Amino acid sequence: MGGGEGTRSDRQTAAPAPVPPPRSGARHRLVVVALMLSMALVALDSACVSTAVPQIVGELGGFSYFSWMFSGYLLAVTVTLPIYGKLADARGRKPVLLIGSTVFLIGSLLCAGAWSMGSLIVFRMVQGLGGGAIQGTVQTLAADLYPLERRPKIQALMSTVWAVSAVLGPALGGVLASYANWRWIFLINLPVGVFALLLLKRNLHEAEAAERPRTRIDWLGAAGLFLTTGLLLFALVQGGVAWGWLSAPSLALFAACAAFGASTFLVERRAAEPIMPGWVWRRRVIAGVNLAFAFLGMLMIAPMVFLPTYAQSVLGLAPVAAGFVLSVWTISWPISAALSNRVYRRIGFRNTSLIGASVGTALLLAFPLLPYRGAAWEPALLMLLLGGGLGLFQLPLIIGVQSSVPWHERGTATASVLFCRQVGQSLGGVLFAVIANTTLTGRLRDAPSSLRDGLPHGLDQIAGSLIHSGGLSGAATDYLRHALAAAVSHVYLGAGIAAALSVIVLATVTPKRFPLAEGSQG
């Protein structure tokens, strides 16, 4: 199947899989609970912090660079995913998850004691160093725990964790920031995380280290990958914000990124056990899924970042109602993911994902066709359907990749997929911000002369002027709403193009049939 992908010469000699956790009984259920709690730590954290930004800035200051609370965390998660994936294959899932969870909890404790915005950003990056281990290893263990036909169950549970966190996280963060203190957002991680650690330590059992093949870790390659990816993401986050895209700092960062990238490539080619092995890109299954997930990460940014602003500033909704317009996709996504096995068992992993990606493309391209200042249910319905499409898009590809590799390659393969999605999100955030800012700048520049004096003079004031529009004339308010609606429509058009590119990748790069590694069916 898949053109003989499972017998390529670049595939390592199959190693005996460690003894898996029991597939039924109380111990099995406790391991699943521990994995869900571990994932909840990561999913809830950023959602809670985003709501408490005013209180954090009010106490610590540093408004001009508070966004690095989120960018620094994302950077640390992204650059460590491949490293943890390789470590999980070489040393086992359990020690990597225990160490990563411990680092995350240490970072949480440090964040609670932060004395300045600079220290909080550094401690958030410490959290991210642990968060990378949690995200990748939990997904890998989910595949270890369940046979192929039952994997949608555990993956749907993980999707549900993210969905519930997206809905409850902002509310929980607001309650803690308003009635207790923002530092409790980080402190509540400690009892939950320690409980999850104890469950994992007592109930998750793998083979002893002596029963696994000894693998050397390519630490030089890991450092090179860390620096290359870190410099790239740093340049993308700061470019156009802290300095211009063609300024000396941007050019220097991109040049350093290229130099480290070339050096890392040479190191990895000579390494006996590279941190990002060549087979990740030589196998059509994994290469195609990696590219598709990069576009998935990119298209997800459009609704996540721009839809709440559209709902508040254009439709005139309150923040809670605007949040609901976005959060409805967290209802349909896990339901669609849980039911995806009924589809891919009939038509295959690739074809199921093609359906989901095609639906997503159509819905994203339909957003610009919505009537100006229409009813709130219209974008909400699009988001509900989009979540259903993306559930069919994402989950079959993850399960297909995990099923196409043996145990000792599963962590690396899973981490490569998540890594590409994270990089896609970073690229999408930059690209769509440029599209939105360019559209708004052009609309402000071309405004009728009778309105120019009454319009905001900078992009940062547009959303606030619309939410608190008392100082604007009716004509100026309407003009700004049209401008913002056009900007968001252009962003969704870009997201639709990204979705269409994922369809092309799936149809041309990914094989019609995924190879199944020995033992992948459990």
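Calculation criteria
- Residues numbered from 1 in each chain as written.
- Predicted model: local features only at pLDDT ≥ 70, side-chain atom pairs only at ≥ 80, totals over all residues.
- Heavy atoms only, no water.
- Helix = DSSP H or I, 4+ residues; strand = E, 2+ residues; numbered from the N terminus.
- Areas by Shrake-Rupley, 256 points an atom, 1.4 Å probe, with all protein chains shown as cover.
- Core = buried A, V, L, I, M, F, W, Y, C linked by side-chain atoms within 4.5 Å.
- Buried < 20%, exposed > 50% of the residue type's maximum accessible area, 1.4 Å probe, protein only.
- Contact = heavy atoms within 4.5 Å.
- 1 Å grid on protein atoms, 1.4 Å probe; cavity = no way out; pocket = protein on both sides within 12 Å on 5 of 7 lines; lining within 4 Å.
- Points joined across faces, edges and corners; volume = space filled by probe spheres on them.
- Nonpolar A, V, L, I, M, F, W, Y, C, P; charged D, E, K, R; others polar.
- pLDDT = per-residue confidence, 0-100.
- Expected span 1.5 Å × (residues − 1).
- Bend = angle between axes of the 7 residues up to and from the residue.
- Salt bridge = Lys/Arg side-chain N within 4 Å of Asp/Glu carboxyl O.
- Axes fitted to C-alpha atoms, helices over the stretch in contact; angles between N-to-C directions.
- Parallel < 35°, antiparallel > 145°, perpendicular 65-115°, else oblique.
- Left-handed = near helix turned anticlockwise from the far one by under 90°.
- Phe/Tyr/Trp six-rings, centres within 6.5 Å; stacked < 30°, edge-to-face > 60°.
- Lys NZ or Arg CZ within 6 Å of the ring centre and 35° of its normal.
- Patch = residues over 30% accessible without salt bridge, like charges linked within 9 Å, V, L, I, M, F, W, Y side chains within 5 Å.

A. Looking closely at the overall build of the chain. The helix and strand inventory of the chain stands at 20 helices and 0 strands. Carbon and sulfur atoms form 67% of the exposed surface of the chain, whose accessible area is close to 21500 Å².

B. Representation of the nonpolar core in the model. Counting residues in hydrophobic clusters, the biggest one holds 107 residues, and the most contacted among them are L35, L299 and F393. At 15 residues, helix α12 (residues 284-313) tops the list of elements feeding residues into this core. Those residues in contact with L299 that lie beyond four places of it in its chain are L364, L390, F393, A495, A498 and A499. Counting 24 residues, the second largest nonpolar core, distinct from the first, contains V49, A114, M117 and I121.

C. Examining the environment of R91 more closely. Within the secondary structure layout, R91 lies in helix α3 (residues 68-91). In this structure the C-alpha to C-alpha distance between R91 and H408, which are 317 residues apart in sequence, comes to 9.6 Å.

D. Summary view of empty space enclosed by the protein. Taken as a whole, this structure holds 3 cavities of 30 Å³ or more when the rule is applied. Its boundaries defined by the atoms lining it, the largest cavity holds a volume of some 40 Å³. If you go around the largest cavity, the residues you meet are L81, Y84, G85, A88, G132, G136, T137, T140, G411 and A415. Among the residues making up the lining of the largest cavity, the classes are represented as 4 nonpolar, 6 polar and no charged.

E. Highlighting the side chain of R350. Within the secondary structure layout, R350 lies in helix α15 (residues 349-366). Given the relative accessible area of 13%, R350 is considered buried. Once residues within four sequence positions are removed from consideration, R350 is found in contact with L506, A507, T510, P511, K512 and F514.

F. View of the confidence of the model for the chain. Averaged over all residues, the pLDDT of the chain is 79; the fraction at 70 or higher stands at 84%. Across the chain, α15 holds the top mean pLDDT of 94, while helix α19 (residues 462-467) sits lowest at 56. The low-confidence segment residues 1-17, where pLDDT is below 50, has 36 contacts with residues more than four positions distant or belonging to other chains. Every residue in residues 19-23 scores below 50 in pLDDT, and together they form 17 contacts with partners more than four places removed in sequence or on other chains.

G. Summary view of α3. When the terminal C-alpha atoms of α3 are compared, their 32 Å separation across 24 residues agrees well with the 34 Å that a helix rising 1.5 Å per residue should span. Within α3, the axis deviates most sharply at L81, by approximately 40°, and proline P82 lies no more than four positions further along. By the criterion of burial, α3 is predominantly enclosed, with 21 of the 24 residues buried. Phi turns positive one or two residues past the end of α3, at G92, with a value near 105°.

H. Here's a closer look at the pattern of salt bridges. The tally for this structure, following the rule as stated, stands at 5 salt bridges. The residue D144 makes a salt bridge to R410 at a minimum N-O spacing of 2.5 Å. Of this pair, D144 sits in helix α5 (residues 117-145) while R410 is found in helix α17 (residues 407-445), placing the two residues 266 residues apart along the sequence. What makes D144 buried here is its relative accessible area of 8%.

I. Summary view of the packing of helix α9 (residues 219-238) against helix α10 (residues 248-270). Running from amino to carboxyl end, α9 crosses α10 at an angle of 155°, the nearest separation of the two axes being 9 Å. The orientation of α9 with respect to α10, classified from their angle, is roughly antiparallel. As α9 packs across α10, the resulting crossing turns out to be left-handed. Contacts from L220, G221, G224, L225, L227, T228, L231, L232, F234, A235 and L236 of α9 reach α10 at L253, F254, A256, C257, F260, G261, T264, V267 and E268. For the contact of α9 with α10, the class distribution of residues is 14 nonpolar, 5 polar and 1 charged.

J. Expanded view of the packing of helix α14 (residues 329-347) against α15. Remark: α14 packs on α15, axes separated minimally by 7 Å, with the N-to-C direction vectors making an angle of 125°. For the element pair α14 / α15, the angle class is oblique. Crossing angle aside, the handedness with which α14 passes α15 is right-handed. Taking contact as the criterion, the partners of S340, V343, Y344 and I347 in α14 are, on α15, F349, N351, T352 and I355.

K. Geometry of the environment of G85. Its place among the elements puts G85 in helix α3. Along the chain, G85 and F419 lie 334 residues apart, while their C-alpha atoms are 9.9 Å from each other.

L. Quick peek at the packing of aromatic side chains. Under the definition given, this model contains 7 aromatic pairs. When the ring of Y310 is compared with that of F367, the centres are 5.1 Å apart and the planes differ by 65°; the resulting orientation is edge-to-face. Within this pair, whereas Y310 is found in helix α12, its partner F367 is found in the loop between α15 and α16 (377-403), the two being separated by 57 residues in sequence. Seen from their ring centres, F367 and Y492 are 3.9 Å apart, and the 15° between their planes marks the pair as stacked. Of this pair, F367 sits in the loop between α15 and α16 while Y492 sits in helix α20 (residues 474-508), and the two are 125 residues apart along the sequence. Both residues of the pair, F367 and Y492, count as buried. Taken together through their ring pairs, the aromatic side chains of Y310, F367 and Y492 make up a single cluster. Positioned above the aromatic ring of Y73, the side-chain terminus of R124 is 4.5 Å from the ring centre.

M. Examining the side chain of Q425 more closely. By secondary structure assignment, the location of Q425 is in helix α17. We classify Q425 as buried; its relative accessible area is 14%. Setting aside residues up to four positions removed in sequence, Q425 forms contacts with G297, M298, M300 and I301.

N. View of the environment of G411. Residue position: G411 is located in helix α17. Spatially, the C-alpha atoms of G411 and T137 are 6.9 Å apart, while their sequence positions differ by 274 residues. Contact partners of G411, with chain neighbours within four places excluded, come to G85, D89, R93 and T140.

O. Representation of a nonpolar patch on the surface in the model. Taken together, the side chains of I331, I335, L339, W377, L381, L384 and L385 make up a nonpolar region of the molecular surface, amounting to roughly 670 Å² of accessible area. Looking at the nonpolar patch, the elements that each hand over two or more residues are α14 and α16. Residue position: L385 is located in helix α16. Judged by relative accessible area, L385 falls into the partly exposed class, the value being 44%.

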